[in-house]
Amino acid sequence: MPVNDVTALGELLIDFTFAGNSQSGMRLFEQNPGGAPANVLVALSRLGMKTAFIGKVGDDMHGHFLKDVLDQNHIGTDSLLIDRDFFTTLAFVNISENGERSFSFARKPGADTMLTKEEIPEKLIRESKIFHVGSLSLTNEPSKAATFHALDIAKKAGCIISYDPNYRAPLWENRRAAIEGMRSVLPYVDVIKISDEETDLLTPEKDPERAGKYLINHGVKAAFITLGKNGACVVHKDGCEYQPAISKKAVDTTGAGDAFCSGVLYRICTEGEKVEDFSLPQLSDFARFGNAVASLCVERRGGIPAMPALHEVYERLNS
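What counts, and where the lines are drawn
- Residues numbered from 1 in each chain as written.
- Predicted model: local features only at pLDDT ≥ 70, side-chain atom pairs only at ≥ 80, totals over all residues.
- Heavy atoms only, no water.
- Pairing = 2+ DSSP bridges.
- Helix = DSSP H or I, 4+ residues; strand = E, 2+ residues; numbered from the N terminus.
- Axes fitted to C-alpha atoms, helices over the stretch in contact; angles between N-to-C directions.
- Contact = heavy atoms within 4.5 Å.
- Phe/Tyr/Trp six-rings, centres within 6.5 Å; stacked < 30°, edge-to-face > 60°.
- Buried < 20%, exposed > 50% of the residue type's maximum accessible area, 1.4 Å probe, protein only.
- Lys NZ or Arg CZ within 6 Å of the ring centre and 35° of its normal.
- Salt bridge = Lys/Arg side-chain N within 4 Å of Asp/Glu carboxyl O.
- Lys, Arg positive; Asp, Glu negative; His and termini not counted.
- Polar contact = N/O pair within 3.5 Å; in protein donor to acceptor, adjacent residues only side chain to side chain.
- Core = buried A, V, L, I, M, F, W, Y, C linked by side-chain atoms within 4.5 Å.

Peer 1: Can you tell me about the sheet that holds strand E12 (residues 232-236), naming the residues and giving the values?
Peer 2: Spatial strand order, E5-E4-E1-E8-E9-E10-E11-E12-E13: nine strands in an open sheet with mixed pairing. The outermost strands of the open sheet, each flanked by one partner alone, are strand E5 (75-83) and strand E13 (239-243). Across the sheet, the mean angle from the axis of one strand to that of its neighbour is 20°, orientation sign disregarded. As defined by bridge partners, strand E1 (residues 4-9) adjoins strand E4 (residues 51-58) across four bridges and the pair is classed as parallel. Its bridge partner lying in E4, Leu9 is registered against Ile54. Its contacts with the sheet place helix H7 (residues 208-217) against strand E10 (191-195), strand E11 (222-226), E12 and E13, and it is angled at close to 30° to E12.

Have a look at this one:
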């Protein structure tokens, strides 16, 4: 029996989010815990799942703050390493009037990229129902090799492998390198969540439905493509279904895709079947649940602080 529902590997960082101006007119940035894999785990923990994180932060005020946040959210941190030699990665996030984000990074290198193969906890991965990764750990060595080593362990152990790539252009040498790097893990993947802005990075197709079919034809068992205010597209070997968004006013879209992903993984865990055994209507219902989690997330500022509790999700669905 798995010890953990979901274990994730990847970046844990600080999002310094624009928060208005000071009395003297200087821009203010709010310190928020972030990093897509960590966002997903916090959301899952708040939904009642048992989770653990694999990654690295610096031995600095930000790294210790981030560990405290994971501990407070009941996420296993035995495999969160604190490194004295490298600084915790910082992301500066500007938010436009419509809630969309742009990024600048302090990561040359950041501690998250310095995780090594030797530091991967094999037993933890083998004892997890779902192993989840993003794409930021693929941008640099040694974290890239560590990610593939972890994926090999998860595949051999029979874990469900979940992938949520996040394209951050400043972290790749160029777009071509991003495409190659982000597609490199697809042979391992059972479940993928991408945005409609990432379809032509992960596939030769821009159209969400065609992109999803491409992924299914290349071994992925369930593909979820988020469409922003238009909801989500779910693609399965038996076809495609669309789930409309649960419309609410967006204050900050940080973590919305991670919230959606957590909702899908929660339902996969609680239904207790292999991904290939789910029907298209079941997967479509998982997307509806994910849309509800995301709709609550975007009403609040920040990524991790915005993740909702399970009762809030059911209240949103029932309303």
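Past the structure itself, the notes keep going.
Peer 1: Which residues make up the packing of aromatic side chains, and what values do they have?
Peer 2: By the definition in use, this model includes nine aromatic pairs. Seen from their ring centres, Tyr266 and Phe289 are 5.3 Å apart, and the 15° between their planes marks the pair as stacked. Of the two residues, Tyr266 sits in helix H8 (residues 256-271) while Phe289 sits in helix H9 (residues 280-297), which places them 23 residues apart along the sequence. You can call Tyr266 buried: its relative accessible area is 8%. Relative accessible area serves as the criterion here: at 1%, Phe289 is assigned to the buried category. A cation over an aromatic ring shows up here: Arg168 above the ring of Phe103, its NZ or CZ 4.2 Å from the ring centre.

Peer 1: So what about the side chain of Ser45? Which residues, and what values?
Peer 2: Structurally, Ser45 can be placed in helix H1 (residues 36-46). Judged by relative accessible area, which is 14%, Ser45 ranks as buried. In contact with Ser45, not counting residues within four places along its chain, are Thr51, Asn73, His74 and Ile75.

Peer 1: How would you sum up the pattern of salt bridges? Please name residues and give values.
Peer 2: Summed over the entire model, instances satisfying the criterion amount to 18 salt bridges. The partner of Arg126 in a salt bridge is Glu122, and the shortest N-O contact between them spans 3.3 Å. With a gap of four residues between them, Arg126 and Glu122 both fall in helix H3 (residues 122-126), about one helical turn apart. The shortest N-O distance in the salt bridge between Glu312 and Arg300 comes to 2.5 Å. A residue pair is termed long-range when its members are at least 10 positions apart, and Glu312 in helix H10 (residues 310-318) and Arg300 in the loop between H9 and H10 qualify at twelve residues. Given a relative accessible area of 26%, Arg300 falls into the partly exposed group. Salt bridges sharing partners connect three or more residues here, namely Lys56, Asp83 and Glu119.

Peer 1: Quick rundown of the pairing of E13? Include the residues and the values.
Peer 2: Pairing of E12 with E13, which is carried by five bridges, proceeds in the antiparallel orientation. Looking at E13, one finds that Ala232 is bridged to Gln243. In this structure, the hairpin formed by E12 and E13 is closed by a connection of two residues.

Peer 1: Could you give me a rundown of the side chain of Glu11, with the residues and numbers involved?
Peer 2: By the secondary structure assignment, Glu11 is in the loop between E1 and strand E2 (13-21). The side chain of Glu11 sits in the buried core without any salt bridge; Arg107 is the nearest counter-charge, 5.9 Å away. For Glu11, the side chain forms a polar contact with the main-chain nitrogen of Ala36, separated by 3.2 Å. The contacts of Glu11, once residues within four sequence positions are left out, are Gly34, Gly35, Ala36, Pro37, Ala38, Phe53, Asp112, Leu136 and Ser137.

Peer 1: I'd like to hear about the environment of Pro204, residue by residue, with values.
Peer 2: Relative to the helices and strands, Pro204 resides in the loop between helix H6 (199-202) and H7. Classification of Pro204 as exposed rests on a relative accessible area of 55%. Sequence-wise, Pro204 and Ala306 are 102 residues apart; in three dimensions their C-alpha atoms are separated by 34 Å. When sequence neighbours within four positions are dropped, the list of residues in contact with Pro204 reads Arg183 and Tyr214.

Peer 1: Would you mind going over unusual backbone geometry in detail, with residue names and values included?
Peer 2: A cis amide bond links Lys108 with the next residue in sequence, Pro109, at an omega value of -10°. Here Pro109 is to be found in the loop between strand E7 (101-106) and H3. The omega torsion across Glu141 and Pro142 is 10°, close enough to zero to call that bond cis. Among the structural elements, Pro142 can be located in the loop between strand E8 (128-133) and helix H4 (143-157). Phi at His74 is positive, roughly 60°, even though this residue is not glycine.

Peer 1: Before we move on, can you summarise the nonpolar core with the specific residues and values?
Peer 2: Counting residues in hydrophobic clusters, the biggest one holds 53 residues, and the most contacted among them are Leu12, Leu44, Phe53, Leu70, Phe224, Ile268 and Val313. Sort the elements by how many residues they give to this core and H9 lands first, with ten residues. Those residues in contact with Val313 that lie beyond four places of it in its chain are Leu47, Phe289, Ala292, Val293, Leu296 and Pro308. Core analysis: the next-biggest nonpolar cluster, separate from the first, contains 38 residues, Leu9, Ile54, Ala150 and Ile161 among them.

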